[in-house]
Amino acid sequence: MSKKIYLYGNWKMNMTAAETEEFFKNFNYASDDKVDIAVFPPFTSIWAAHKAAGSGVHIGAQNCYVEPKGAFTGEVAIGMLKECGVSHVILGHSERRHIFGESDELVAKKVKACLDNDLVPVFCYGEKLEEREAGKTFDVMERQIKAALNGLTPDEIAKIIYAYEPVWAIGTGKAATSAQAEEVCAWSKKLINEIAGKDVKPVVLYGGSVKPNNSKELLSMDAIDGALVGGASLKQDTFIEIYNAYAK
Ligand code: PGA
């Protein structure tokens, strides 16, 4: 139990501002050298989270746009997010890719825009079930990762937090096995280092039905540095238990 664990909660379209305040009542956990904690509320609850969470919890957004301002109805600029205390942004989540049609190219532009503005991109990638069954898992992910890292310097590549999230494991209760997740996370680190041209020590999280009852096994794997948690991050106790189950 020596590595630092990243415990990141993606709230998706859940948690009103009032529920966010409730979540942080008696929240006595903060990032330290053993654990890095972040939550990603919907836009309208970011300010409430920023006010309620205290400085030990990073506040993230689930998306952003690449332009600083202007006629982009429905979008939120990076400067606006920073003003509300945001330090991290989830990009390329499968729900953005597959429900809202975000392309590899758009995700890459967002990654670059965040890096240019000192926000940490939490870059998500992963294969669909039919892609895994067709033996295309690694081809799909290689395309997604290469597109996102295209043209970035090794320093920039090192600043990104990577999250492997197989689409078939998200919200299904059917997490990848620790062996499956380890295989992809280890492969990802190799690919990222190859693209960077040196060992940038990439941080790679696993996401997809992480719960208190499977987190110890997943987080104990060598190449898995943490969890991006959806459903189980909506309650303070299950969220924290995901880390505690491993740390105990
Ligand atoms: P889940 O979601 O934990 O509810 O499967 C993970 C995610 O989409 O980040």
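Residues numbered from 1 in each chain as written. Predicted model: local features only at pLDDT ≥ 70, side-chain atom pairs only at ≥ 80, totals over all residues. Heavy atoms only, no water.

Caption draft 1: Layout of the nonpolar core. Among the nonpolar cores identified, the biggest contains 65 residues, and F24, V89, F123, Y162 and Y206 are the most heavily contacted of them. A total of 6 residues in this core trace back to one element, the largest contributor, which is helix α9 (residues 178-196). If sequence neighbours within four positions are ignored, Y162 has contacts with F123, Y125, L149, I157, I192, P202, V203, V204 and L205. Counting 12 residues, the second-largest nonpolar core is a separate cluster that includes I90, I161, A163 and L228. (Core = buried A, V, L, I, M, F, W, Y, C linked by side-chain atoms within 4.5 Å. Buried < 20%, exposed > 50% of the residue type's maximum accessible area, 1.4 Å probe, protein only. Helix = DSSP H or I, 4+ residues; strand = E, 2+ residues; numbered from the N terminus. Contact = heavy atoms within 4.5 Å.)

Caption draft 2: Structural detail: the site of the ligand. Lining the immediate environment of the ligand, one finds 13 residues, of which K12, H93, E165, G171 and S209 sit closest. The side chain of H93 places a nitrogen or oxygen atom 2.7 Å from an oxygen atom of the ligand. Between E165 and the ligand, the recorded distance is 2.7 Å, taken from a side-chain N or O atom to an oxygen atom. For the ligand, whose accessible area on its own is 280 Å², the fraction buried by protein is 96%. (Near = heavy atom within 4 Å. Polar contact = N/O pair within 3.5 Å; in protein donor to acceptor, adjacent residues only side chain to side chain. Areas by Shrake-Rupley, 256 points an atom, 1.4 Å probe, with all protein chains shown as cover.)

Caption draft 3: Main features of the packing of helix α7 (residues 137-149) against α9. One way to put it is that α7 packs onto α9 with a least axis distance of 11 Å and a crossing angle of 40°. In terms of orientation, α7 and α9 fall into the oblique class. As α7 runs across α9, the sense of the crossing is right-handed. Contacts from F138, M141, E142, I145, K146 and L149 in α7 reach E183, V184, W187, L191, I192 and I195 in α9. When grouped by side-chain class, the residues that make up the contact of α7 with α9 number 9 nonpolar, no polar and 3 charged. (Axes fitted to C-alpha atoms, helices over the stretch in contact; angles between N-to-C directions. Parallel < 35°, antiparallel > 145°, perpendicular 65-115°, else oblique. Left-handed = near helix turned anticlockwise from the far one by under 90°. Nonpolar A, V, L, I, M, F, W, Y, C, P; charged D, E, K, R; others polar.)

Caption draft 4: Structural detail: the sheet that holds strand β3 (residues 58-61). Pairing is parallel around the closed barrel formed by 8 strands, whose spatial order is β1-β2-β3-β4-β5-β6-β7-β8. Each strand axis lies, on average, 25° off the axis of its neighbour in the sheet, ignoring direction. Inspection of the sheet shows strand β1 (residues 5-10) paired to strand β8 (residues 226-229) by 4 bridges, in the parallel sense. What sits directly across from L7, in β8, is A227. In the packing of α9 onto the sheet, the strands contacted are β5 (120-125), β6 (161-164) and β7 (203-207), and the crossing angle to β7 comes to about 150°. Packed onto the sheet, helix α11 (residues 236-247) meets β1, β2 (35-40) and β8 and runs at close to 160° relative to β1. (Pairing = 2+ DSSP bridges.)

Caption draft 5: Representation of the packing of aromatic side chains. Applying the stated criterion across every chain, the model contains 15 aromatic pairs. Pairwise contacts between aromatic rings join W11, F23, F24, F27, Y29 and F239 into one cluster. (Phe/Tyr/Trp six-rings, centres within 6.5 Å; stacked < 30°, edge-to-face > 60°.)

Caption draft 6: View of the packing of helix α5 (residues 104-116) against α7. Two elements in contact, α5 and α7, have axes separated by 8 Å at closest approach and are oriented at 40°. Taken together, α5 and α7 sit at an angle that is classed as oblique. Crossing handedness for the pair α5 and α7: right-handed. Packed against α5, whose contacting residues are D104, A108 and V111, the element α7 presents R143, Q144, A147 and A148 at the interface.

Caption draft 7: Structural context of the pattern of salt bridges. A full pass over the atoms with the stated rule returns 14 salt bridges. Among the salt bridges present, the one from E22 reaches K25, with a minimum N-O distance of 3.1 Å. R132 is the salt-bridge partner of E127, the closest N and O atoms lying 2.6 Å from each other. Note on E127: relative accessible area 0%, which makes it buried. (Salt bridge = Lys/Arg side-chain N within 4 Å of Asp/Glu carboxyl O.)

Caption draft 8: Representation of unusual backbone geometry. Here N26, not a glycine, exhibits a phi torsion of approximately 55°, which is positive. Relative to the helices and strands, N26 is located in the loop between α1 (17-23) and β2.

Caption draft 9: Geometry of the pairing of β6. Here β6 shows no split at all, with I161 and A163 on one side and Y162 and Y164 on the other all buried. Pairing of β5 with β6, which is carried by 4 bridges, proceeds in the parallel orientation. What sits directly across from Y125, in β6, is Y164. Note: β6 against β7, 4 bridges, orientation parallel. Across the sheet, A163 pairs through a bridge with L205, a residue of β7. This β-α-β element, β6 to α9 to β7, shows right-handed connectivity. (Right-handed = clockwise from strand over helix to strand, strands pointing away.)

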